[in-house]
Amino acid sequence: MLVNRLKSFLTALLATTALALAAPALAAESGYREVQTDVSSPEGKVLVQEFFWYGCPHCYYLEGELEPWLEELDEDVVFERRALALGQHWVPLTRAFYAADQLDAVDDTHAAVFHAIHEEGSRLTDADSIADFYASQGVDREAFLDAYEGFGTQNAIRQTGQIAQDAGVQGVPSLLVDGRFLVTGRLAGGNVEMLQVVDALIEQIRDERD
């Protein structure tokens, strides 16, 4: 009887272990995981949010895939960049993005910031060096510093942090689709695969609505 109980225990243990090992594999195959946030897409649209940091090399490499992908997006897809500070040393460049955003300067400076950091080795680590760089890109330096230190920037950082926390974002780049599906490079298998997963989710959401 003891032998039979031991066999039953080992069988149950092996089954439990197999399920635990299978869970990450299933997540990796899907390329995303479902999350709960307060984010919702605009009516009739599908919102895709990118969480990134300018100092992240993976985010830099994703940009090369994002640009042609964005050019092919249908009109019912809204893409939104969100700079995320996962550490204190991430804050200056995160502030930089939101300051530029308030000045409508992101389109003109986004690629240049990535290039300066990852191709030219520029050390944009404090307000002065960052303001100097943006000034070199044609942004008014004083206006930039005002926005950099302003309430709007602080509020944007806080809001992004809350969304990321709700979605369980643990690294960048990450893509949040319709506030419900979190896509990461680890789950999807790479940058190109991330965007393929997002495309599939967009189609799934369209089918749900139809």
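Our structure's up above, just so we're on the same page.
Since the model is a prediction, treat every value here as computed from it, not as a measurement. Sequence order as written defines residue numbering, which begins from 1 separately in each chain. Local features in a predicted model are, by the rule used here, given only for residues with pLDDT of at least 70; side-chain atom pairs are given and counted only at 80 or more, and totals for whole chains, interfaces and linings are based on all residues. No hydrogens and no water enter the side-chain calculation; it runs on all heavy atoms of the structure.

Undergrad: Help me understand the layout of surface pockets in this model?
TA: One water molecule sets the probe size; rolling that probe over the atoms shows where empty space is left. Its boundaries defined by the atoms lining it, the largest pocket holds a volume of some 330 Å³. Cavity means a closed set of points on a 1 Å grid over the protein atoms alone, one where a 1.4 Å probe fits but cannot get out, pocket means an open set with protein on both sides within 12 Å along at least 5 of 7 lines, and lining means a residue has an atom within 4 Å of a point. Gln170, Gly171, Ser174, Thr184 and Arg186 are the residues nearest the centre of the largest pocket, which is lined by 15 residues in total. Labels follow the DSSP assignment, with helices taken as runs of H or I lasting at least four residues and strands as runs of E lasting at least two, numbered in each case from the N terminus. Listing elements by their share of the lining of the largest pocket, those giving two or more residues are β5 (181-184), α8 (185-188) and α9 (191-209). Residues were grouped as follows: Ala, Val, Leu, Ile, Met, Phe, Trp, Tyr, Cys and Pro as nonpolar; Asp, Glu, Lys and Arg as charged; and all remaining residues, including Gly, as polar. Here the residues of the lining of the largest pocket are counted per class, giving six nonpolar, seven polar and two charged. Grid points are joined across faces, edges and corners, and a volume is the space filled by probe spheres set on the points.

Undergrad: So what exactly am I meant to see when it comes to the environment of Glu50 here?
TA: Considering the arrangement of structural elements, one finds Glu50 in strand β2 (residues 46-52). Working definition: with a 1.4 Å probe on protein chains only, accessible area under 20% of the residue-type maximum means buried, over 50% means exposed, and in between means partly exposed. Exposure remark for Glu50: the relative accessible area of 0% places this residue in the buried category. C-alpha separation for the pair Glu50 and Arg81, spaced 31 residues apart in sequence, amounts to 4.9 Å. In this structure, Glu50 is in contact with Leu62, Glu63, Leu66, Phe79, Glu80, Arg81, Arg82, Ser174 and Leu175, ignoring residues within four places of it in sequence. Here a residue-residue contact requires only that any non-hydrogen atoms of the pair lie within 4.5 Å.

Undergrad: Is there a simple way to explain the pattern of salt bridges in this structure?
TA: Here, a salt bridge means any side-chain nitrogen of Lys or Arg that lies within 4 Å of a carboxyl oxygen of Asp or Glu. The tally for this structure, following the rule as stated, stands at twelve salt bridges. Close ionic contact of Glu63 with Arg81 constitutes a salt bridge, the shortest N to O distance being 3.4 Å. Here Arg81 lies in strand β3 (residues 77-83) and Glu63 lies in helix α2 (residues 57-71), a separation of 18 residues in the sequence. Relative accessible area serves as the criterion here: at 9%, Glu63 is assigned to the buried category. For the salt bridge of Glu67 with Arg81, the shortest nitrogen-to-oxygen distance reads 3.2 Å. Here the residue Glu67 occupies a position in helix α2, and Arg81 occupies one in strand β3, the gap between them amounting to 14 residues. For Arg81, a relative accessible area of 18% translates into the label buried. Bridged by salt links that share partners, the residues Glu50, Glu63, Glu67 and Arg81 form one connected network.

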